[in-house]
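Here's the letter readout for the chains.
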Amino acid sequence: MIEINKYDKIIVANWKLNGSFAFIKDYFKTLNSTTINSNVCGIICPPSSYLQNCYLNMDKSLFLGSQDCSNYKNGAYTGDISSAMLKDNDCKFCIVGHSERRQLFSQKNIDIMEKSNNLIQEGIKPIICIGETLEEKKNGNTEEILKEQVINSIPDNSSNCDIIIAYEPIWAIGTGLTPSIDEINKIHYFLKTGIEKYQNFKILYGGSVKSNNSSEIMNLDYVDGVLVGGSSLDPVEFSKILNA
Ligand code: PGA
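Since we're looking at a predicted model, the values are computed, not measured.

**Quick look at the site of the ligand**
Right, on to step 1. Neighbouring residues of the ligand: 13 residues in total, closest Lys-16, His-98, Glu-168, Gly-174 and Ser-208.
Right, on to step 2. Contacts to the ligand include Ser-208, whose backbone N or O atom sits 2.8 Å from an oxygen atom.
Right, on to step 3. Taking Gly-229, its main chain carries an N or O atom lying 2.9 Å from an oxygen atom of the ligand.
Right, on to step 4. In the complex, 95% of the free accessible area of the ligand, which totals 280 Å², lies under the protein chains.
Right, on to step 5. Its residues placed into classes, the shell around the ligand shows four nonpolar, seven polar and two charged.

Spelled out as C-alpha cells, the structure:
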C-alpha cells in the first residue's frame, strides 16, 4: 500500500483521450531518462486500454493511474471498468470526478463517492477532482461550491491517507488561464483547514499547469502537487514539471 503522506509532492499526468502504442514508446524513451526525486510521487494516467502497455514501458519509480472507473463492481454495465480490474492492471491511483466527466458524462457527487469507495476497497487511491465554474467564481461562490463537492463526494469514513483531492477551477482547464498564486494558496488553505472531517488532505492544483508556472505553484505552502493535462503529453515538458 502506498503511503501518500510520505511524499512532499504528487505530480499527475492526465493524458485524457490521447496516446497510441507508438506515442507510449517514444514518451517513455524520453521520460525514463529523467531521475525522479524520491520525495516526488509521479503518476501517469493514460486511457485504460493503454494501462498495461504504459506499465511495461515506464520506469518503475513512476506509478500508474486510471482516469475513471465504474460505480459498480461487476455485472451488466457495458463499457465500464471496475476498480478490481484496475487493480489487476497495476493501477495505484484513479482520477474521479474530473470536470469533463461531471459535465460531459453527467457524473454526480454520489457517483464519485461510490467510485471512491470501490477504489479504496481495492487499495487504489482516488484523486477526487473538485472545482468551480467561472460564473460561480464571479458570483463569489467558490468556497461554498468546493465545500459542497468535498462533503458529498468524499466517502465519510475515508481519511487523508486514502484520498487525494485535486482542486481544478473549470475555467482554468485547457485555457491557459490560472487563478493568481495568492488565490491558489488561499483556496488550498481553505480546503485544508475549513471543512470539518476533511482536514489536512493532500491537495493538488490542476488547470493550465506548465513547466513555466509549476515550480511557483508547487512551492506554495498549501499545495501538495499538480494535476497536469495538456503539458503532460510532452515528455520533455512533463519531466521539467517532475523536477520543478
Ligand atoms: P490542463 O488540464 O493542464 O490541460 O489544463 C488539466 C486537467 O484537466 O486535469
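**Re the packing of aromatic side chains**
Right, on to step 1. Scanning the entire structure with this criterion turns up twelve aromatic pairs.
Right, on to step 2. Plain terms: the ring middles of Tyr-72 and Tyr-77 are 3.7 Å apart, the flat faces sit at 5 degrees to each other, and that makes the pair stacked.
Right, on to step 3. What makes Tyr-72 partly exposed here is its relative accessible area of 37%.
Right, on to step 4. Counting every residue linked through ring pairs, the aromatic cluster contains Trp-15, Phe-23, Tyr-27 and Phe-28.
Right, on to step 5. Of note, Lys-60 hangs over the ring of Tyr-55, and the distance from its end group to the ring centre comes to 4.7 Å.
Right, on to step 6. Above the face of the Phe-105 ring, Arg-101 is positioned so that its terminal group lies 3.9 Å from the ring centre.

**Quick word on the packing of helix H7 (residues 142–153) against helix H8 (residues 181–193)**
Right, on to step 1. Remark: H7 packs on H8, axes separated minimally by 11 Å, with the N-to-C direction vectors making an angle of 40 degrees. Judged by the angle between their axes, H7 and H8 are oblique. Handedness of the H7/H8 crossing: right-handed. Between H7 and H8, the residues in contact are Thr-142, Glu-143, Leu-146, Lys-147 and Val-150 and Ile-187, Phe-190 and Leu-191, respectively.
Right, on to step 2. Class assignment for the residues of the contact of H7 with H8 results in five nonpolar, one polar and two charged.

Calculation rules
Residues numbered from 1 in each chain as written. Predicted model: local features only at pLDDT ≥ 70, side-chain atom pairs only at ≥ 80, totals over all residues. Heavy atoms only, no water. Near = heavy atom within 4 Å. Polar contact = N/O pair within 3.5 Å; in protein donor to acceptor, adjacent residues only side chain to side chain. Areas by Shrake-Rupley, 256 points an atom, 1.4 Å probe, with all protein chains shown as cover. Nonpolar A, V, L, I, M, F, W, Y, C, P; charged D, E, K, R; others polar. Phe/Tyr/Trp six-rings, centres within 6.5 Å; stacked < 30°, edge-to-face > 60°. Buried < 20%, exposed > 50% of the residue type's maximum accessible area, 1.4 Å probe, protein only. Lys NZ or Arg CZ within 6 Å of the ring centre and 35° of its normal. Axes fitted to C-alpha atoms, helices over the stretch in contact; angles between N-to-C directions. Helix = DSSP H or I, 4+ residues; strand = E, 2+ residues; numbered from the N terminus. Parallel < 35°, antiparallel > 145°, perpendicular 65-115°, else oblique. Left-handed = near helix turned anticlockwise from the far one by under 90°. Contact = heavy atoms within 4.5 Å.

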